[in-house]
Structures are given as structure tokens and as C-alpha cells.
Amino acid sequence: MTQVQACASADGAGERYRHRHGRRVLLLSALALALVVSLAVDITTGPSGMSLTRLLQVLWDPASMPRVEAVIVWNVRLPYALMAVLVGAALALAGAEMQTVLDNPLASPFTLGVSAAAAFGAALAIVLGMGIPGVPAQYLISANAFLFALASVALLYLLARWRGFGVESLVLFGIALVFAFNALVALLQFVASQDSLQQLVFWTLGSLARASWEKLAILAAALLLCLPFSLRQSWALTALTLGEERARSFGIDVGRLRVLSLLRISLLSALAVSFVGTIGFIGLIAPHIARLLVGEDHRLFLPASVLSGGLSMASIASKALMPGVLIPVGIVTALVGIPFFMAIVMRNRRGAL
Amino acid sequence: MTGLSTQALSMHYGSRSVLQDIHLPALLPGTITALIGPNAAGKSTLLRGIAGLHKAHGQIWLEGVDLNRLPQVERAQQVVYLPQSLPERTRLCAFEAVLSAAMAGHRGAGFAPGRPSPTVLKGVEKILADLDLTALADRPIDALSGGQRQLVGLAQALVRQPRVLLLDEPTSALDLYHQCQVVEAITQATRERNLITLVVVHDINLALGFSDQVVVLHNGQLAAAGPPQVVINQALLKNVYGVSGRLEQVHGRPLVMVDARLPFSPALG
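I will try to describe carefully the structure that is included in this document. (Residues numbered from 1 in each chain as written. Chains lettered and ligands numbered in written order. Predicted model: local features only at pLDDT ≥ 70, side-chain atom pairs only at ≥ 80, totals over all residues.)

## Details of the sheet that holds strand 9 (residues 213–218) of chain B
All names here are of chain B.
Then comes step 1: Strand order across the open sheet formed by six strands is 6-7-8-3-9-10, with mixed pairing between neighbours. At either margin of the open sheet sits one strand with a lone partner, and together these are strand 6 (79–82) and strand 10 (221–226). Taken over all neighbouring pairs, the strand axes of this sheet differ in orientation by 15° on average, direction set aside.
Then comes step 2: Where strand 3 (residues 31–36) lies against strand 9, four bridges are found, and the strand directions are parallel. Each residue of the ladder has a partner; that of Ile36, found in strand 9, is Val216. (Pairing = 2+ DSSP bridges. Helix = DSSP H or I, 4+ residues; strand = E, 2+ residues; numbered from the N terminus. Axes fitted to C-alpha atoms, helices over the stretch in contact; angles between N-to-C directions.)

Listed below in C-alpha cells is the structure:
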């Protein structure tokens, strides 16, 4: 005991901080490694089994392998698995920034109505055939979903810029958006034909089966575009967790920070939701996992959110592949997510008392 | 012009005027000024105006420079304002909180978030040691007591090496022990770093005890300014606070004794 104390006093606070920071960087690397492993597991498991060596062969030299296996890996499993990771990563980054700039641990694209708005956009295309003129038919649903998701974040963003509109009112407004769009979707379901109703229900469940290489490229580009800008703002975002007044007094332009962050959030969440449908809770939970692992220094917190988002989606996606059945991933994330959500709520309640 | 002073400073919230034509006398480096007055007199607003967090019309002079003409980033290097509210929801530990204050506004090189230099880390370490916080450096902020959080806030302000320190009720909601600790820390920092310190204080006796100068705000106007024992008197207690009381010497130290609340008069607001 005395030895421990002596040790603690011998190391200065700065030295202790450096050690802890180093440990957290290691943890971040472990998370990245876990993501790669889970991606490999995700690709090798499926209705027809495949060993890791065979997978590597298919990836390395597709020409030398049987055509069937190459098609399974390149056209089905790889896009599916990568889509899971990218969607998880994009929603997690959006959620992490949202929780910081709105100073609310329950903020996420799902809880603030972005997903609901996207579902309404998709419903318009599916049920009424309404969409943006000139968009190719196979992209009509995604384009509509994107437009509505973007519009919902734009609305949140305009309110955030409005002077005197507090963060709490903003979150309440987001929740109002969820209910409003859910009601509108229900209305469309009521008037929909049998066929389109089925299609709409399937869309809102969220599915990775809609993955394609083009969508992957777009999402990857959006992520690569947003992440460096987020990281560049790390210190300002970290200071913002100590309160808006304080951050402003340290010379941070909080209004500008919030607006730029909401722009990134809108791009990431709108794209993710429009490609795979409603995927709940990942954007909410991943940042909390990251926070538990590496704390709230945003230099580590943001990448950790991205990685844990990708990791959770990848592991959920592999579990959704039950023998013979493909359960829509949106259902699985919600089922896994709700207990987590409740745990967060209870934790915050205790903190408030 | 030395020190910090204001000229014809006025502030509004929307159409409601909060401060009118404030001419603050020069507050000198190395001194503590207590800003007192009843609730809603505009005390916090004045601090926010000087810090540039809310639009203030008029001039705010710091060593001959009008702060209102400085960009906010430069202004924040000279003046730091510590709000009354304490951080509630953060998983940062005390060290990280102070470090983030030191690094705030740091854009990093290219797109990489900047790494704190060894000098910055040493600076954080020193401030924490000065305020007796070394043992708490690794604790999350939300696990600290109110007094400890207040001290961490002070460390955040000091690590930015400002010339002007604006504190909004740093001792409210603290027990006596922590009040003393915070007051001592403020006094020491002001003297050692030659800061111009302006503190909103609710407790008049506290203001008497530790300030070099007192500024009284009442209904958005400057009611009085000067040495504490001159400014705080029977007339001030009556006209500004609406109580009858007197200033007594107890063992050679001034102390405000309140006798009774006076009948409400509309002039008091």
C-alpha cells in the first residue's frame, strides 16, 4: 500500500496521464484488430462454409478458384460484410458527434428522427412512386430516403442556429419528428397496395442485402471526407463536453463548431439510412461503448466510436445469418439495442440524483 | 490607461436593457475586485460582456486596447470567464479537463488533431500542483465534489495564462472549508500572476474579507465603486439591498450585521 502511494507520488500527474493515454491508444488498436477479425468471421460464416485460407485465396487470386466461390465472396459476402462495417461506422460517428454537440447522451440519428424521416421518404417512393425526377429507378428509394433524412437534419440544424433555442428543446423537437414521420409512414401503409406494403415493411426493417459496390464506395468516400474534419476539431469538441459557456470563454466558436458538425452528421446518417434502411441504436450505443473504453478525449473517442460502430454491426450482421434464415439486421440491432438504451437511461438517472 | 476599465458600456437581452452606461473604474493588475449587488442586477451579464460572450455596446479597455475590437479568439487569450455552472456530464478526468482548456482552439497540423507539447503538459501539471489537485488529477470530473470541480475550473482558467480573470460566484454552494480553499487559491493566483480579477460574490462579508476593491451594481447601473470598507456602509445596505444594518469592527475586522428587512419599496426593484 505504502509502496503504491510512493509510486503514485513519484510519478507526476503528467506522467500518469501519458501512461493512461498510451494504454487507451493500445485499446484503440485492439479494437481495430477485433474489427478485422470479426470481418473475417463474418465473411467465412454463412449458408455454405468456407475456411479462412480459402477466403484469403479467393480474395488474393479469384481467377484460380472455382467461379461459385468467387461469386459468393465478391458479390455477396464481401459487400454485405463491408456494408455492415461502414454503416455501423458512419452511424456511430454521426451519433458520437451528435451526443457531444447537442450535449445529450441520448442523441443519435435514430432517436432524433433522421431514420424516421428517411423511412417516410422511402415510403413515398415505394407506395406512391413519388421521387426526384431523373433519378434511375433502382436508386429512387435511396435518393428519396436521403433527401428526407437530409431535410430532417437541416431542420434540426436551423433550430440549433436559432438564437435562444436550447439543446433540450432541440432534442424534444427531434423526438417530435420521430412521431410525426412514423404517423406519416403509417398513413402511407394504410393506403398502400398489398405488394408495396410488403416492400415498405421490408425496407423499414433495415437490411444489408441491399449492399452493392457502388453504395459501398459512396459511403466510404463520405466517411473518409468527414472523419478528418471531425478529428481536426477534436480539442474543441472535447472542451465542449465541459459546457458551452466554458468552451466559448476558451475562444471556441461553438455556433460554427455545431453547424459544421451537424453538416457531417447529416451526410453520414442520411447516406447510411438511405442505403440499408432503418438501423436503430448503433448510433446511440457505439459512442457509449467508446466512451467506456477510451474516455471522452475526442482524439480517441471519435475513432473508437467509428471502430465500435463497425465492430458491433459486423458482429450483429454475422449473427443475423441464421441457418437458412436472413433476419433483417434492423430487427436484431433494435433487440440488442433496447437493453443497452435502458442501461444508459438508468445510469443517467443515478447520476442526476 | 492601465488595467481594465469600461466606458459607456450597455447591454441588452433582446429589447430588455440589462446594463446601462457602466463606467467601470480601472481595475489594476494584482488586485481582486468583488462585484456585488442584488439578484438580477446584471452582475453575470457584465462579466459575459467583458469576456465577449454577449454583445456589449461601448468600450472595454484593457491596457489601452478596446477588447470589443479584438477577434474573439484573441480576446479569449487575454480574458477568461468561468461561468457559475459546473460541468455535469463529462467523463474527462481533471487532468484532461485542464489540458483541453489549454489546447482549446488548437487546430492541429493538417488534419491530425494536435498533440500537446511537453511544455503544455508540464504547464497543466504545475497548475494542478499549485491548486493542490495533483492527487485528483486522474479522477473523472463528475466524481469530484462541488468545491473540487470549482478548483478544476480555476485551473482551466489559469492554464490559459490570461491577464483578466472573471469568476461568476465561484464560492456559491460550497461549504466553509472549500470556500476558504477557493478564496485562497484565487488570492494567490491573482498576486503571483499579477491578474486583474473580477469576482461576482453574493456574500457581502466574503467580499469585505478578500477583495481590494468593490463594485456595486444595482438595477443595471453602477451604484458605487471603491475600497470595500468605504463602499459597504449603512446607506448601501438600505438603498441597494433593502435591509437595515451596519458595519462593525469585530476583533479589528469589518463585519456586516443585518438587523432587519426594510418594508418593500418600488425603488429597490
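## Quick notes on the environment of Val71 of chain A
All names here are of chain A.
Then comes step 1: Relative to the helices and strands, Val71 is located in helix 4 (residues 67–101).
Then comes step 2: Residue Val71 is classed as partly exposed on the basis of its C-beta count, with 14 C-beta atoms lying within 10 Å.
Then comes step 3: Along the backbone, Val71 and Ile126 are 55 residues apart, and their C-alpha atoms lie at a distance of 30 Å. (Buried ≥ 20, exposed ≤ 12 C-beta atoms within 10 Å, placed from the backbone.)

## Thoughts on the interface of chain A and chain B
For an interface, size is often stated in terms of accessible area lost upon the parts coming together.
Then comes step 1: Contacts between the two partners involve 33 residues from chain A, matched on the other side by 40 residues from chain B.
Then comes step 2: Where the side of chain A that touches chain B is concerned, the elements lending two or more residues are helix 2 (13–44), helix 9 (213–232), helix 10 (234–240) and helix 11 (244–249) of chain A.
Then comes step 3: Per-class residue counts for the side of chain A that touches chain B are 12 nonpolar, 10 polar and 11 charged. (Contact = placed C-beta atoms within 7 Å. Nonpolar A, V, L, I, M, F, W, Y, C, P; charged D, E, K, R; others polar.)

## Some details on the nonpolar core
Then comes step 1: Ala90 of chain A together with Ala94, Val98 and Leu166 of chain B are the most contacted members of the largest nonpolar core, which totals 189 residues.
Then comes step 2: With 19 residues, helix 4 of chain A is the single largest residue contributor to this core.
Then comes step 3: Leaving out residues up to four positions away in the same chain, Leu166 of chain B has contacts with Leu47, Ile50, Ala51, Val79, Val80, Tyr81, Leu82 and Leu198 of chain B. (Core = buried A, V, L, I, M, F, W, Y, C linked by C-beta atoms within 7 Å.)

## Remarks on the sheet that holds strand 2 (residues 16–22) of chain B
All names here are of chain B.
Then comes step 1: Reading across the sheet, the four strands line up as 2-1-4-5 and stay open at both edges, with antiparallel pairing between neighbours. The outermost strands of the open sheet, each flanked by one partner alone, are strand 2 and strand 5 (65–66).
Then comes step 2: Sheet analysis places strand 4 (residues 57–62) next to strand 5, joined by two bridges and oriented antiparallel. Within strand 5, the residue paired with Leu62 across the bridge is Val65.
Then comes step 3: Packed on one face of the sheet, helix 1 (residues 43–51) meets strand 1 (4–13), strand 2 and strand 4 and runs near 70° to strand 2.

## A look at the pairing of strand 6 of chain B
On a regular strand, one side chain projects to one face of the sheet and the next to the other, so that they alternate.
All names here are of chain B.
Then comes step 1: Neither face of strand 6 is left uncovered, since the one carrying Val79 and Tyr81 and the one carrying Val80 and Leu82 both have all their residues buried.
Then comes step 2: As judged from the four bridges shared by strand 6 and strand 7 (residues 164–168), these two strands associate in the parallel manner. The partner of Val79 across the bridge, within strand 7, is Val164.

## Details of the packing of helix 4 of chain A against helix 12 (residues 254–276) of chain A
All names here are of chain A.
Then comes step 1: Two elements in contact, helix 4 and helix 12, have axes whose closest approach is 9 Å; the angle formed by their N-to-C orientations is 150°. Compared by their axis directions, helix 4 and helix 12 come out roughly antiparallel. Like other packed secondary-structure pairs, helix 4 and helix 12 cross with a definite hand, here left-handed. Across the interface between the two elements, Met83, Val87, Ala90, Leu91, Leu93, Ala94, Glu97, Met98 and Val101 of helix 4 pack against Leu257, Arg258, Ser261, Leu262, Arg264, Ile265, Leu268, Ser269, Leu271, Ala272, Phe275 and Val276 of helix 12.
Then comes step 2: Its residues assigned to classes, the contact of helix 4 with helix 12 shows 16 nonpolar, two polar and three charged. (Parallel < 35°, antiparallel > 145°, perpendicular 65-115°, else oblique. Left-handed = near helix turned anticlockwise from the far one by under 90°.)

Geometry only, nothing functional implied.
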